[in-house]
Amino acid sequence: MQVVNHFPPADFEGIYAQIAELGVLTGQIDGAADLVAQMRSDIDEIAASAVAHDVPLTYFHEVGTEYYSATSATFVGNIYGLAAMVNIADPADEDGSQFGFPLLNEEFIIDSDPDIIFLADTIGYGQTAATVAARPGWEAMSAVVNGRIVELNDDIV
């Protein structure tokens, strides 16, 4: 079997397809099928346990201090989608021309006032909840005021 897609998968179905393909390539077809079945079950269980909100929470996933973000069309965006959250970056890449990683401007982010900010630039760029709160205009944002800034380990992310 020939690998035809060199891009990382944008969703779980892409992950499952890659696992199945690796199963074929390594002669572990049954093992790959079992793994996919277990992953589907685990992820369905996690998604079912997500807290429902009357009004969906909005979020900003910061990839770098230049304000690149990941949209719902990316793998990480799909994960947030399991919790029924709304990505503020989606309108910036509606046509997919930015491959799910548009560059946002600071005014747009502030005006969008996300409920949660996820920082995927803590190690590489040294960002923290404190550095975000210190940005001009960000101190009044809902995520900052309510302490909903999540510092992710960008070596893992």
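What counts as what
Note on numbering: residues in each chain are counted from 1, in written sequence order. Note on the predicted model: pLDDT of at least 70 is required for a residue's local features to be given, and 80 or more for side-chain atom pairs to be given and counted; whole-chain, interface and lining totals, by contrast, use all residues. Only hydrogens and water are set aside when side-chain values are computed; all heavy atoms of the structure are taken into account. In this scheme, patches are assembled from residues that exceed 30% relative accessible area and form no salt bridge. Like charges are connected within 9 Å, while nonpolar side chains (Val, Leu, Ile, Met, Phe, Trp, Tyr) are connected within 5 Å. Only the protein chains shown count as cover for residues, and all accessible areas are computed by the Shrake-Rupley method using a 1.4 Å probe. Salt bridges are defined by distance alone: a side-chain nitrogen of Lys or Arg within 4 Å of a carboxyl oxygen of Asp or Glu. Strands are runs of DSSP state E lasting at least two residues, helices are runs of H or I lasting at least four, and both sets are numbered from the N terminus onward. Type-normalised accessible area, obtained with a 1.4 Å probe on protein chains alone, sets the label of each residue: buried when under 20%, exposed when over 50%, and partly exposed for intermediate values. Any two residues having at least one pair of non-hydrogen atoms within 4.5 Å are treated as being in contact. In this scheme, strands are said to pair when DSSP sees at least two bridges between them. With axes taken as lines fitted to C-alpha atoms, and helix axes fitted only over the stretch in contact, angles between N-to-C directions fall between 0 and 180 degrees. By the definition adopted for this analysis, an angle is roughly parallel if under 35 degrees, roughly antiparallel if over 145, roughly perpendicular if from 65 to 115, and oblique otherwise. The hand of a helix crossing depends on one turn: near helix anticlockwise from the far one by less than a right angle means left-handed, and clockwise means right-handed. Nonpolar residues are Ala, Val, Leu, Ile, Met, Phe, Trp, Tyr, Cys and Pro. Charged residues are Asp, Glu, Lys and Arg, and all others, Gly as well, are polar. We call a set of buried residues a nonpolar core when its members are Ala, Val, Leu, Ile, Met, Phe, Trp, Tyr or Cys and they connect through side-chain atoms within 4.5 Å of each other.

1. Some thoughts on a nonpolar patch on the surface
1) Next: Where nonpolar side chains cluster on the molecular surface, the patch consists of Val-63, Tyr-68, Phe-101 and Leu-103 and spans about 340 Å² of accessible area.
2) Next: With respect to the helices and strands, Val-63 occurs in the loop between strand S1 (58–62) and helix H3 (75–82).
3) Next: With relative accessibility at 31%, the residue Val-63 sits in the partly exposed group.

2. Some details on the environment of Ile-15
1) Next: On the secondary structure map, Ile-15 appears in helix H1 (residues 12–26).
2) Next: Placed 21 residues apart in sequence, Ile-15 and Val-36 show a C-alpha to C-alpha distance of 8.8 Å.
3) Next: Excluding anything up to four places from it in sequence, Ile-15 contacts Pro-9, Met-39 and Phe-75.

3. Section: the pairing of strand S3 (residues 116–119)
Looking down a regular strand, the side chains alternate between one sheet face and the other.
1) Next: Burial of S3 is two-sided: the residues Ile-116 and Phe-118 facing one way and the residues Ile-117 and Leu-119 facing the other way are all buried.
2) Next: Sheet topology note: the S1/S3 ladder contains 4 bridges and is parallel. Each residue of the ladder has a partner; that of His-61, found in S3, is Phe-118.
3) Next: One ladder, built from 3 bridges, connects S3 with strand S4 (residues 149–151); its direction is parallel. Residue pairing in the sheet places Ile-117 in a bridge with Ile-149 of S4.

4. Describing the pattern of salt bridges
1) Next: For the coordinates displayed, the defined rule picks out 2 salt bridges.
2) Next: Of the charged contacts, one joins Arg-40 and Glu-13 as a salt bridge, the two residues approaching to 2.9 Å between their closest N and O atoms. One end of the pair, Arg-40, is in helix H2 (residues 29–48); the other, Glu-13, is in helix H1, with 27 residues separating them in the sequence.
3) Next: Glu-62 serves as the salt-bridge partner of Arg-135, at 2.8 Å between the closest nitrogen and oxygen. Placement of the pair is Arg-135 in the loop between helix H5 (129–133) and helix H6 (142–145) and Glu-62 in strand S1, with a sequence separation of 73 residues.

5. Considerations on the packing of H1 against H2
1) Next: At their nearest, the axes of H1 and H2 sit 7 Å apart, and the two run at 160 degrees to each other. As judged from the angle between their axes, H1 and H2 are roughly antiparallel. The interaxial crossing formed by H1 with H2 has right-handed handedness. Seen from H1, the contacting residues are Phe-12, Glu-13, Ile-15, Tyr-16, Ile-19, Ala-20, Gly-23 and Val-24; seen from H2, they are Ile-29, Ala-32, Leu-35, Val-36, Met-39, Arg-40 and Ile-43.
2) Next: Among the residues forming the contact of H1 with H2, the class breakdown is 12 nonpolar, 1 polar and 2 charged.

6. Let's talk about the nonpolar core
1) Next: Phe-60, Ile-109, Ile-117, Val-132, Trp-138, Met-141 and Ile-149 are the most contacted members of the largest nonpolar core, which has 14 residues in total.
2) Next: Each residue touching Trp-138, except ones within four places of it in the same chain, is listed here: Phe-60, Glu-62, Tyr-67, Glu-106, Ile-109, Ile-110, Ile-117, Val-132 and Val-144.
3) Next: In terms of nonpolar packing, the next biggest core, distinct from the first, is built from 8 residues, Ile-116, Phe-118, Ala-120 and Leu-152 among them.

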